[in-house]
Structures are given as structure tokens and as C-alpha cells.
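The primary structure of each chain is shown beneath.
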Amino acid sequence: MSAITDFAQRFRKQILIAFDIVAITIAYILPWVFINGRTSFTEYNSLLFASCFFFVCCYEIVYWLMGMYDSLWRYAEIVEFFRLCLASALAVGIFVAVTLALWASERRIPISVYFLSATFASALTLYARLTYRMFRNTKIAQGGVTRRRTLVIGAGDAASTLLHELSKNKSPDMNIICCVDDAPEKVGRNIMGIEIMGTTDDIPELVERCEIETLLLAIPTVDEENKRRILGICNKTKCNVRILPDIVKLIADGKDILSRIRDVRVEDVLGRPEIELKDSTNELITGKTVMVTGGGGSIGSELCRQIAMCSPKKLIILDIYENSAYSIQQELLRRYGKRLNLHVLIASVRDSKKIDALFRANRPDVVFHAAAHKHVPLMEISPEEAVKNNVFGTYNVACAADRYGAERFVLISTDKAVNPTNVMGATKRVCEMIVQALAQKSKTKFVAVRFGNVLGSNGSVLPLFKEQIAAGGPVTVTDPEIVRFFMTIPEAVQLVLEAGQMGKGGEIFVLDMGKPVKILDLAENLIKLSGLIPYKDIEIKFTGLRPGEKLYEELLMDEEGVRKTGNRKIFIGSPLGLSKDTFFEQLAELKKIAYSNHSENLVQALLDLVPTFTHKEHEYDL
């Protein structure tokens, strides 16, 4: 049965043409049978066979020209039946006109033959297709087939390899219906029995006509610009969108093709190519003792992964949250075993004595400081905790790095530190000021790395949207006009590592992240990529800006200026003039206020310490 099905699918067009020839021939002969007895066949011998052949030719030529053999009739809509009726009428009109002209001098064909032949031919071809569709739909409903109807984008080597694999091993969740390709010479042809029905511009129309549920992008070598263009077209539909990975890499890795087809990630529609940074981490990491604070978090754990690949002398993961620290510890142990000298320490960066003891015992060469409170609304409610953890946690670790002779100290900062409007951003700006102040007097090279939102990090908008979509909505967006800079976790970590290598002391490194992305567009795209329709299947609810939140973020303050680096995607914000003596006096006063837990006085102290900080009073829904 499977062989018959495969044969029928491969030669679908030829089988349909053969069926129509037989059906139309029978349709032409039937009227002659009906009139037998009232007239003699012998009287029309000279016309019967010639006119039958011409009748069939008229139908087949018109059907071909009007695309009757290009449609997938199992998914035909009313427009297809209308086209067939129109084609039948046109074929009969041509037949009548030509036969009247050719055989005008001979005995003419009876009018009943014209009428009945046209009726039978149209009915047979039309109802055969309708019956097939009804049978197909009934069979699918009864059989409980769950495979999603799939349109393959691309008809090159990758698609050919995929279809060849599917011919041997049926996919449990994909039923390939048709292909599209932007090469005009391929349109209308077949690849492994699957018809190439148009170009990428035809995707929305084909999705409707063929009831497509899944779109599979099978062009692994497509450049980023065209990938975003194609995915933009896909987003106009309600289909789930998936991507076929690089076939060459799969073959090299010995992996199964079907199992490696992945869903589209939001990174695929970021609006810019993924940034590639120089691989200068070996010199920074190899053979060194490296400490990562906040090593269990999204950025911290990725730092640990990339550092582990560079053969450090010792990797020290420091975190207050034991579950996240345990998770990255087990991951690295599974991957590297005893080849990695790994130490996981549970401690708070707020505990200056504990931090001092850890530095004294381990003497790290390089410190990456990623430990911080980062949730803007929560830090607005508890500003003293933001100051204690972010500001004085940074101060404790930075001073220990200076005291015990670390070569480099790299602070993970944020674009919210630029002209901050919230407590979290203000505390991160103070952290940058600590780094710049210590850089003026220390042999340790202190630098900061500033970037925007990280896709997929803990507590970021992407996991939240995914959870809301999985729950059936609504997806919550604070404001329809809010925009943010975005980068992937690997991009962020590469920037941190390269900055650690490039820094001379006191710099703030900034990544050129292209144009900011509207959060509303991100939400709509994620809903579409989940195979759903925004505002119909999933509601998008606007909740209003949260306390301390801005419509847009900035990466540099006006007074910082910009200097280029060896990497055209990385810039340096010039260090601001800062009196370290006055600054540390203000910092001591800030500490007293923070530990007295007077929130109102603390916010005012931050306003005094950070000239670019602006803050509004908010009422909080606790």
C-alpha cells in the first residue's frame, strides 16, 4: 500500500491527465449510445472518431493552460471548482465553434451530442475531484492522522536530502504537501515527487489554498538578510515555522536529519545578523585562575561554559543560590570530568569578610562580576537591597581583587545605567563608578561591559512570553511603543570575554547592537512562531509602564563619547572625570543609609551620587 501511495504521489499529474482522457472520451461516447436507435452510427462514421479525438484535445489543452493539473485537489476550495467549470465551458465553446466550421459541408453532429457530452465531461472531471477530496478528508478524520501539513521553503540540495530521507522514514509529525523556491526555472517542476508551486512571495496564498500548518525553511545557507525576509513572510501566516539545520554539519556529526529540525528561535528574527567577536579568550583564560560571581545565573553560567572550554588553571563559581550553582556544576562535570579544576562556592558578595577569605585562599587572576539584583520593579520597592547587593557587593569583590593582586576585573553592567530612571539602573551606574575610581589607583585592570537585554536570560521578557503563550495568554506588554536593545546570551558573553582581554583600565565597553526592537513586535512574532494568531488565539494586553521603566534605553551618556576598538562592533565609552576621594566618601555615606533601611533617604543619596539619575515617586501594588 505504501508503494502504491508513493507511486501515486510521485506521478500525480500524469495519473490525473490519464484519468481525464478516459473520462472525457467516455463522456463523448455516451451521448452517441443514448441516441442509438433514433439515428444510425453509420451515418456519422466519418465524424465520430475525429470529433471524439478533437473533443478530448480541447478539454486537455484548456485544462492544462488553466492550471487544472497544478492544483492539489485534496485541498481544493470553491475557486478551484469554479475554474474547472469555466475551463469546461471554454473547451466546449472551442469544440463547437471549430466542429461547425470544419464539418459545415457534411452532416452536422446532433445538438444533443454537444449538450450531453459537455455535461458528462464536466460532471465526471468535477465530481471525481470532489469525491477524492471527500474521501481523503474522511480517511484523515477516521485515521486520526496527526501529521501536520507542511510546506517546504527551498528546493535545493537540503530539501532534496530531506525528502529523500522522508521517502525512507516517514516523519511522525510532518506531511510534505508542496515546495516553494525563488528560482523561477524551478517553479512548476517536481522534487522527489513534491511539486514546486511558487516562490516565497506565494507562501501566504499557498498556506490558505493547501491548508498548510507548518512551514519548514530548508535553505541552511541562506544569508541573514534573506532569512529575515522569508521569516517575515512566514509571520504573515498562522503557521508554525521550523528550520532545517546545516546538512553538511549534520552529516559530519553523524546526526539524524529529521530529529534535528528545530523550531524558529526569536534570535532568527532579531533584525540584525548575530555578531561574531574575535576569539581572544585563550590568552585571557588559559592557565589562569578565574572566578565568576553570580556564576549560576544566565550570563554567569554561560561565562563558565565558555571559560571551561579555554582550559583555565582553576574555575571558581561563586553564587548565593545553591540550586543554580549546583546545576552549572553538574553540567560542567558531565562535560569535562576531572579535566576541569572546578570549585563551586556558596557565599554572598555582601559578606565582605567571606569574600576577603575566598580571595585570600584562591588568589584569582581574572574576576568576572555578574552577581546582581536586576529586576527593576522589585528594586523600586526595596531600594536598600539593590544598594546592598549591587553597589556594595561590587565594592567588596572589586576591593578584594585589588587587595589580592588580580590581573583583571570585569563588571557586567547594563544599558539601564545610562541616564537611569530607576533604582536598579542607578545602582549599576554606581558600580561602574566604583570600577572607574579603583582603576585610577590599582594595578588591577578594572573594566565594565555594558549591554542591553539578553534574550532568554532568567527573568527576561522572552521566557515570560513563552510561559504566557503556553498558558493560553494573555501576553502582557507594558506599552505598545516600548523598545529595547537585544542580544543573545553567547553574544553577551563573548563581549564580556573580549572586553576582559582588551581593557587597559577604567573603560566601559559597549556593543553596537543595531536598531532597538519593539517589544510588541517581539511578542507578536513569538505568538506567530508558536503557530498562533495574535489578538485572535492569544490576546496581547497592555499593562502600562512599570515603576522606573523607560520607553527606550541608551547605551552611552552624552558626555562619555565613543572610541573605536579593533572590533568594529565594540566601542569604548571614555572614562568620566571622577574624584576618587570625594566619591569614596559619598559611598561610605550611602552605605550607612542603606543599612539603616531608610528607603526615602537612600533614593535621595543615589540622586546626589549619580547626577544623571532622575526618579519619580510611585505607588506600588504590593
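Residues numbered from 1 in each chain as written. Predicted model: local features only at pLDDT ≥ 70, side-chain atom pairs only at ≥ 80, totals over all residues. Heavy atoms only, no water.

S.K.: I'd like to hear about the nonpolar core, residue by residue, with values.
M.R.: Membership of the largest hydrophobic core comes to 51 residues, with the highest contact counts inside it found for F359, F409, V430, F583, L587 and L590. With 10 residues, the top contributor of residues to this core is helix α16 (residues 423-439). (Core = buried A, V, L, I, M, F, W, Y, C linked by side-chain atoms within 4.5 Å. Buried < 20%, exposed > 50% of the residue type's maximum accessible area, 1.4 Å probe, protein only. Helix = DSSP H or I, 4+ residues; strand = E, 2+ residues; numbered from the N terminus.)

S.K.: I'd like a rundown of the pattern of salt bridges, residues and numbers included.
M.R.: Going through the model one piece at a time under the given rule, you end up with 14 salt bridges. Put simply, R209 and E205 hold a salt bridge, and the shortest N to O gap is 3.0 Å. Here R209 and its partner E205 are both found in helix α7 (residues 203-210), four residues apart, which amounts to about one turn of the helix. You can call R209 partly exposed: its relative accessible area is 21%. The exposure class assigned to E205 is partly exposed, which follows from its relative accessible area of 41%. Measuring nitrogen to oxygen at the nearest pair gives 3.3 Å for the salt bridge that ties E385 to K388. (Salt bridge = Lys/Arg side-chain N within 4 Å of Asp/Glu carboxyl O.)

S.K.: Explain the packing of aromatic side chains to me, and be specific about the residues and the numbers.
M.R.: Enumeration over the complete set of coordinates arrives at three aromatic pairs. Through a chain of ring-to-ring contacts, the aromatic side chains of Y395, F583 and F584 assemble into a single cluster. (Phe/Tyr/Trp six-rings, centres within 6.5 Å; stacked < 30°, edge-to-face > 60°.)

S.K.: Quick one: what's the story with the side chain of K428, residue by residue and with numbers?
M.R.: Considering the arrangement of structural elements, one finds K428 in helix α16. Buried within the structure, K428 lacks any salt-bridge partner; its nearest side chain of opposite charge belongs to E432, at an N-O separation of 7.8 Å. Reaching out from K428, the side chain makes a polar contact with the backbone oxygen of I412 at a distance of 2.8 Å. Contacts of K428, omitting those with residues within four sequence positions, involve A372, N390, L411, I412, S413, T414 and A417. (Lys, Arg positive; Asp, Glu negative; His and termini not counted. Polar contact = N/O pair within 3.5 Å; in protein donor to acceptor, adjacent residues only side chain to side chain. Contact = heavy atoms within 4.5 Å.)

S.K.: Explain the packing of helix α11 (residues 298-308) against helix α18 (residues 489-502) to me, and be specific about the residues and the numbers.
M.R.: Here α11 crosses α18 at 65 degrees, and the two axes come no closer than 9 Å. As judged from the angle between their axes, α11 and α18 are roughly perpendicular. For the element pair α11 and α18, the recorded crossing hand is right-handed. Here S298, I299, E302, L303, Q306 and I307 of α11 lie close against α18, whose contacting residues are I489, P490, A492, V493, Q494, V496 and L497. Looking at side-chain class alone, the contact of α11 with α18 contains nine nonpolar, three polar and one charged residues. (Axes fitted to C-alpha atoms, helices over the stretch in contact; angles between N-to-C directions. Parallel < 35°, antiparallel > 145°, perpendicular 65-115°, else oblique. Left-handed = near helix turned anticlockwise from the far one by under 90°. Nonpolar A, V, L, I, M, F, W, Y, C, P; charged D, E, K, R; others polar.)

S.K.: So what about the environment of S324? Which residues, and what values?
M.R.: Its place among the elements puts S324 in helix α12 (residues 322-336). The partly exposed category is assigned to S324, whose relative accessible area is 23%. Discounting chain neighbours no more than four positions away, the residues touching S324 are G296 and D319. Within the local environment of S324, its side chain forms a polar contact with the backbone oxygen of Y321, the two atoms lying 3.1 Å apart.

S.K.: Explain a nonpolar patch on the surface to me, using residue names and the numbers behind them.
M.R.: Taken together, the side chains of V22, I26, L30 and L124 make up a nonpolar region of the molecular surface, amounting to roughly 300 Å² of accessible area. Looking at the nonpolar patch element by element, the count peaks at three residues for helix α2 (residues 12-35). On the secondary structure map, I26 appears in helix α2. By relative accessible area, I26 is classed as partly exposed at 43%. (Patch = residues over 30% accessible without salt bridge, like charges linked within 9 Å, V, L, I, M, F, W, Y side chains within 5 Å. Areas by Shrake-Rupley, 256 points an atom, 1.4 Å probe, with all protein chains shown as cover.)

S.K.: Can you explain α16? Please cite residues and give values.
M.R.: An α-helix turns once every 3.6 residues. As a result, residues three or four positions apart point the same way. In this model α16 runs 24 Å from its N-terminal to its C-terminal C-alpha over 17 residues, within 8% of the 24 Å that 1.5 Å per residue would give. Taking burial as the measure, the 17 residues of α16 include 16 buried ones, the bulk of the element. (Expected span 1.5 Å × (residues − 1).)

S.K.: Just give me the short version of unusual backbone geometry, but keep the residues and values in it.
M.R.: Cis rather than trans, the peptide bond between G473 and P474 has omega equal to 0 degrees. The residue P474 is located in the loop between α17 (461-470) and β15 (475-477) in this model. Although it is not a glycine, E211 adopts a positive phi angle of roughly 55 degrees. Here E211 is to be found in the loop between α7 and β5 (214-217). Looking at E211, the relative accessible area reads 28%, which means it is partly exposed. The backbone of S311 sits at a positive phi, close to 55 degrees, despite the residue not being glycine. The topology assignment puts S311 in the loop between α11 and β9 (314-319).

S.K.: Could you give me a rundown of the environment of K388, with the residues and numbers involved?
M.R.: With respect to the secondary-structure elements, K388 resides in helix α15 (residues 383-403). The buried category is assigned to K388, whose relative accessible area is 6%. The spacing of K388 and T427 is 39 residues in sequence and 9.4 Å in space, taken between C-alpha atoms. Setting aside its immediate chain neighbours within four residues, K388 contacts R350, G393, A594, Y595 and N597. Within polar-contact distance, the side chain of K388 engages the side chain of N597 at 2.9 Å.

S.K.: So what's going on with the confidence of the model for the protein chain? Residues and values would help.
M.R.: Of the residues in the protein chain, 70% reach a pLDDT of 70 or more, and the chain-wide mean stands at 77. The low-confidence segment residues 246-260, where pLDDT is below 50, has 19 contacts with residues more than four positions distant or belonging to other chains. Scored below 50 in pLDDT, residues 555-560 makes 29 contacts in the model with residues more than four places away or belonging to other chains. (pLDDT = per-residue confidence, 0-100.)

S.K.: Quick rundown of the pairing of strand β8 (residues 289-293)? Include the residues and the values.
M.R.: Two faces, one strand: in a regular strand the side chains alternate between the faces of the sheet. Extensive coverage of β8 is indicated by the burial of five of its five residues. Burial along β8 is two-sided: the face carrying T289, M291 and T293 and the face carrying V290 and V292 are both buried. Here β8 runs beside β9; their pairing, made up of five bridges, is parallel. Bridged to M291 within β9 is I316. Assessed by its sense of winding, the connection that carries the chain from β8 through α11 to β9 is right-handed. When β8 meets strand β11 (residues 366-369), the two strands line up parallel, connected through four bridges. Bridging across to β11, V290 finds its partner in V366. (Pairing = 2+ DSSP bridges. Right-handed = clockwise from strand over helix to strand, strands pointing away.)

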